[in-house]
Every structure is written in structure tokens, then in C-alpha cells.
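# Coordinates in review
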Amino acid sequence: MTMEIVYYPDPRLTAPNGMLGAWTEESAKKVEQMRSLLTQIRGAGLAAPQVGWNVRLFILSIAGKGSETLERVVFDPKMTPLGTKVPMEEGWLSFPGMWATIERYDRVRLEGKTPDGPIDEVLIGFEAQAIQHEMDHLEGMLFIERMTPADRQKNAPVLRQLEEQWKRRKKE
């Protein structure tokens, strides 16, 4: 089965996400499919619920300095906000065509597991933004819940279109 992005208002985006617990061959295969999809869509991150897999796991692929890329798989994460909130422009793959300015902390502490063992580190800037974004997915928090009223109004036509597409797919 080909892995695909789940679009709003699919209920899997807000469903509870269980702990993965242990790294297994099955989870490794699913993560490889997620990595392939992320590369194909040229995204910076992808959370398991965005592909209909309701576990607490996300992958990141963030371009760094030069040819360096920060790639990581994190499961069963815990995030602690640090620093100050700053407005950051972002879009969500599950809400194609929508952009908004979201208040995010400029630093976060990330604890969790990776296929190579536990992590506990502080991230800043775009990496911190990406972690908060992926954590929203794991918490079932939707993009539209983070928008200002002005951004929500600006994106209302796209939101209605996504809802109509969902209704049509449900009838098929």
C-alpha cells in the first residue's frame, strides 16, 4: 500500500496518538515510506498522523549549512518550550495551499527516542519551529487552531474547499 498525506478534515489528524514504545522492523519500514514521501513533496518534516499512522513519531529533514542536512526520526517525544515566542510563517501539508503566521518559541528542549537511542537536546530557530509544528500533529492540534482570526479569514476559501473535497471522497 502506498503511503499518502492525510488531508483536513480527516479525523485521523485529531485522533489520539499512542506511544510507539520500541523500534521494530515494521516501524522502520513505515518510516522509510515516510522518508520517501517527505523527499517527494520536499517537506521539512512529517508526523505519523499525517499519513494515517496514529503513533507519536515524526521525521525531520532540514537543510543546514552547505550540503549538510539535519535528518532525524523521533518517537515518543516530549517537548519543553524555552525562550520567547516569535511569529513564524508556516504551512501544513495536511492543509495544502494555506499559510499563516504562527507564534512559536525560538528554543525548545526535545526529549525522546530515536532508532539509535534516547535524545535530550535544545534546538533553536527553524529546528525549534519544526519540532513544535510536528508536536502539534502528535497532540492532535490543527493548524487552524493556531491561526489568528485574520489568517483564518484569509484562508477560509481554501478551508471550505478542503471540507468539500472530504465530503465528495466520503460519498465515493
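This write-up is about the structure you can find in this document.

So, how was this worked out
- Residues numbered from 1 in each chain as written.
- Predicted model: local features only at pLDDT ≥ 70, side-chain atom pairs only at ≥ 80, totals over all residues.
- Heavy atoms only, no water.
- Helix = DSSP H or I, 4+ residues; strand = E, 2+ residues; numbered from the N terminus.
- Buried < 20%, exposed > 50% of the residue type's maximum accessible area, 1.4 Å probe, protein only.
- Salt bridge = Lys/Arg side-chain N within 4 Å of Asp/Glu carboxyl O.
- Contact = heavy atoms within 4.5 Å.
- Polar contact = N/O pair within 3.5 Å; in protein donor to acceptor, adjacent residues only side chain to side chain.
- Phe/Tyr/Trp six-rings, centres within 6.5 Å; stacked < 30°, edge-to-face > 60°.
- Pairing = 2+ DSSP bridges.

In this section: unusual backbone geometry. Here the residue pair tyrosine 8 and proline 9 is connected by a cis peptide bond, since its omega of 5° sits within 30 degrees of zero. Here proline 9 is to be found in the segment before helix H1 (25-41). Phi at arginine 42 is positive, roughly 55°, even though this residue is not glycine. In this fold, arginine 42 is placed in the loop between H1 and strand S1 (45-47). Taking relative accessible area as the criterion, arginine 42 reaches 76% and is therefore assigned exposed. Not every positive phi belongs to a glycine, and aspartate 76 is a case in point at roughly 50°. Residue placement: aspartate 76 occurs in strand S3 (residues 69-91). Classification of aspartate 76 as buried rests on a relative accessible area of 9%.

Here the focus is the pattern of salt bridges. A complete count under the given rule lists 16 salt bridges for this structure. Linking glutamate 26 and lysine 30 is a salt bridge whose minimum nitrogen-to-oxygen distance equals 3.5 Å. Of this pair, glutamate 26 and lysine 30 both sit in helix H1, four residues apart, which is roughly one turn of that helix. Among the residues examined, lysine 30 registers a relative accessible area of 24% and is labelled partly exposed. The partner of arginine 104 in a salt bridge is glutamate 90, and the shortest N-O contact between them spans 2.8 Å. Here arginine 104 is found in strand S4 (residues 99-114), whereas its partner glutamate 90 is found in strand S3, with 14 residues between them in sequence. Judged by relative accessible area, arginine 104 falls into the buried class, the value being 2%. Taking the relative accessible area as the measure of exposure, glutamate 90 reaches 5% and is therefore buried. Taken together, the shared-partner salt bridges in this structure form one network comprising Lys78, Arg109, Glu111 and Asp120.

Moving on, we come to the environment of arginine 104. Residues arginine 104 and valine 6 lie 98 residues apart in sequence; the distance between their C-alpha atoms is 24 Å. Contact partners of arginine 104, with chain neighbours within four places excluded, come to Thr84, Lys85, Val86, Met88, Glu90, Trp92, Gln129, Gln132, His133, Asp136 and Arg146. Looking at arginine 104, its side chain comes within polar contact range of the side chain of glutamate 90, at 2.8 Å. Here the side chain of arginine 104 touches aspartate 136 through a polar contact of 2.9 Å, side chain to side chain.

Moving on to the side chain of glutamine 50. The residue glutamine 50 is located in the loop between S1 and strand S2 (57-63) in this model. Polar side-chain contacts of glutamine 50 include one of 3.5 Å to the side chain of histidine 137.

With that out of the way, let us pick up the packing of aromatic side chains. Counted by the stated rule, this structure contains five aromatic pairs. For the pair tryptophan 92 and phenylalanine 143, a centre-to-centre distance of 5.3 Å together with 20° between the ring planes defines the contact as stacked. Separated by 51 residues along the polypeptide, tryptophan 92 in the loop between S3 and S4 and phenylalanine 143 in helix H3 (residues 143-146) bring together distant segments of the chain. By relative accessible area, tryptophan 92 is classed as buried at 4%. Taken together, the ring pairs connect Tyr8, Trp92, Phe95 and Phe143 into an aromatic cluster.

This brings us to the pairing of strand S5 (residues 117-124). Across eight bridges, the pairing between S4 and S5 is antiparallel. Paired with lysine 113 across the strands is proline 118, a residue of S5. Between S4 and S5, which pair antiparallel in sequence order, lie two residues.

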